[in-house]
Amino acid sequence: MINLSSLDITNKNIVIRVDMNVPIKDGNVLDLTRIKASIPTINYALNSNSKILLISHLGRPAEENFEEKFSLKPVALSLSKIINQSVEIIDNLDSKDIFKGASNIQMLENIRFFEGEKENCKNLGQKLGSLGDLYVFDAFGTAHREQASTHSAIENSNNACAGILLEKENEFLSKALNNFESPYVAIIGGAKVSTKLELIEHINSVADYIVVGGGIANTFLKATGKNIGNSLVEDSMLEKAKHIYHQGKIILPDRVVTSKTFEGDDIKERQANEIADDETILDLCLEQETISLINNAKTILWNGPMGVFENNFFEKGTKDLSVAIAKSAAFSLAGGGETLSAINKYIKQDDVSYCSTGGGAFLEFMEGKVLPSIEALNSKETGS
Ligand code: AMP
């Protein structure tokens, strides 16, 4: 991949595909993380005296028409406050407007309002790819989607490269897959085995231990013959879970937290092999042995909470895990929306070596897949 940081881009017109798909309520941006993650690339281009056109999607508009609630105007306003200069919104692809305004930064309205984006249409890709001197792809969070601005535009541009965020994501995620040190502890929690199966299978080939938590641990507990009462389970995954368990790397919880309801009635700490039929496992107790594994690890990968941590009654497993990871000197990588919420709640992002901005893209990368945007950027370099 050609990286932006290796190019001299003085006085150019640069199109940057960013991921500014942020939560918005009543016209206000609720979380600036994704906007801030794009700043290094934006500043790099501004400091090179270049003009910028930003492209992003926002939400899932049903039609390819303007809909106020999916407008990027609040995002442009938040960005302009962060970089302390105006950001002009552009709602069409006319060359008479683009790179022509007084502002050095323009932002195209939600790319999902444009015909052909979702279908990865070549016409739109060609148009986007030829708007400027360079097409910079920095939207890691959407690199797993084959759409016009994430795929066809790269393929059809004369010059395309990876932005600074994408370069960083690629470097840290690749390190955890190909360039890691052992012992390697992967921690995989969350609701369902089915959404993490490919991750578990792929990580099984690199990690020494896979600590499972959340609803995922329930399915593994049941697969090993334990009664899990009313707990969330995926019966269709039991055979797969049994097969993976017998490969010897899965670490199951010994003690768990149960309740009769999600509201916390009759909370008990129990041995995982003592669950009654009317009890639900909603959290786990992080064993001292697991904490020691994390402490002695050289590489840690974390995706998914250990319990229903949104509820304070069931947060302890996820909280203790966060603290253990923060204390470990290992190279630690975390990704996924719920995982980052837990990190923000119990520790700081700086306590983890790298927090990925991707959700689906993070999972697919760690499943060993080559993401379509990265594949298109790689072909650009080799000219194939
Ligand atoms: P995921 O998006 O797959 O990482 O799942 C995250 C969700 O899993 C969180 O909202 C948790 O509340 C939920 N979760 C974690 N542990 C459990 C559990 N034991 N039972 C039900 N849901 C759980």
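The rules behind these values
Residues numbered from 1 in each chain as written. Predicted model: local features only at pLDDT ≥ 70, side-chain atom pairs only at ≥ 80, totals over all residues. Heavy atoms only, no water. Pairing = 2+ DSSP bridges. Helix = DSSP H or I, 4+ residues; strand = E, 2+ residues; numbered from the N terminus. Contact = heavy atoms within 4.5 Å. Axes fitted to C-alpha atoms, helices over the stretch in contact; angles between N-to-C directions. Near = heavy atom within 4 Å. Polar contact = N/O pair within 3.5 Å; in protein donor to acceptor, adjacent residues only side chain to side chain. Areas by Shrake-Rupley, 256 points an atom, 1.4 Å probe, with all protein chains shown as cover. Nonpolar A, V, L, I, M, F, W, Y, C, P; charged D, E, K, R; others polar. Salt bridge = Lys/Arg side-chain N within 4 Å of Asp/Glu carboxyl O. Buried < 20%, exposed > 50% of the residue type's maximum accessible area, 1.4 Å probe, protein only. Parallel < 35°, antiparallel > 145°, perpendicular 65-115°, else oblique.

### Examining the sheet that holds strand β11 (residues 250-251)
Here six strands make up an open sheet; going across it, the order is β11-β10-β9-β15-β16-β17 and the pairing parallel. Of all the strands in the sheet, just β11 and β17 (354-355) have a single pairing partner and so form its edges. The pairing of strand β15 (residues 299-303) with strand β16 (residues 331-334) spans four bridges and is parallel. Note that in β16 the partner of T299 across the bridge is F331. In this fold helix α10 (residues 288-296) packs onto β9 (184-188), β10 (209-212), β11 and β15, with an angle of close to 125° to the strand it touches most, β9. Its contacts with the sheet place helix α12 (residues 337-346) against β15, β16 and β17, and it is angled at close to 110° to β15.

### Digging into the site of the ligand
What surrounds the ligand is a group of 15 residues, the closest being A191, K196, I281, G307 and E310. Taking E310, its side chain carries an N or O atom lying 2.4 Å from an oxygen atom of the ligand. Surface burial for the ligand is 80%, taken as the share of its 510 Å² of free accessible area covered by protein chains. Top contributing element to the shell around the ligand by residue count: helix α8 (residues 214-223), with three residues. Among the residues making up the shell around the ligand, the classes are represented as six nonpolar, six polar and three charged.

### Some remarks on the pattern of salt bridges
Two side chains of opposite charge can pair, provided their charged atoms sit close to one another. Evaluation of the coordinates by the stated rule reveals 17 salt bridges. Residue D94 is joined to K96 by a salt bridge in which the shortest nitrogen-to-oxygen separation is 3.8 Å. Residue D94 is classed as partly exposed on the basis of its relative accessible area of 38%. Judged by relative accessible area, K96 falls into the exposed class, the value being 59%. Notably, a salt bridge pairs E367 with K369, separated by 2.8 Å at the nearest N-O pair.

### Brief notes about the pairing of β10
Taken together, the four bridges between β9 and β10 define a ladder with parallel strand orientation. Paired with V185 across the strands is Y209, a residue of β10. The sheet contact formed by β10 and β11 spans two bridges and is parallel. Bridge pairing in β11 links V211 to I251.

### Quick look at the sheet that holds strand β14 (residues 280-284)
One open sheet holds the three strands; their spatial order is β13-β12-β14, and the pairing between them is antiparallel. A single partner strand is all that each edge strand has here, and the edge strands are β13 (268-271) and β14. Across this sheet, the average inter-strand angle for adjacent strands is 45°, counted without regard to direction. As paired elements, strand β12 (residues 255-259) and β14 share four bridges and run antiparallel to each other. Following the sheet pairing, V256 is matched in β14 by L284.

### Some points on helix α3 (residues 73-83)
Regarding α3, the residues found buried are P74, V75, A76, S78, L79, S80 and I83. Immediately downstream of α3, the backbone of N84 shows phi near 60°, a positive value.

### Structural notes on the packing of helix α4 (residues 122-129) against helix α5 (residues 148-155)
Closest axis-to-axis distance for the α4/α5 pair is 7 Å, and the angle between their directions is 70°. As far as their axial angle goes, α5 and α4 are roughly perpendicular. Between α4 and α5, the contacting residues are K122, L124, G125, Q126, L128 and G129 on the first element and A148, S149, S152 and A153 on the second. Across the contact of α4 with α5, the residue classes tally to four nonpolar, five polar and one charged.

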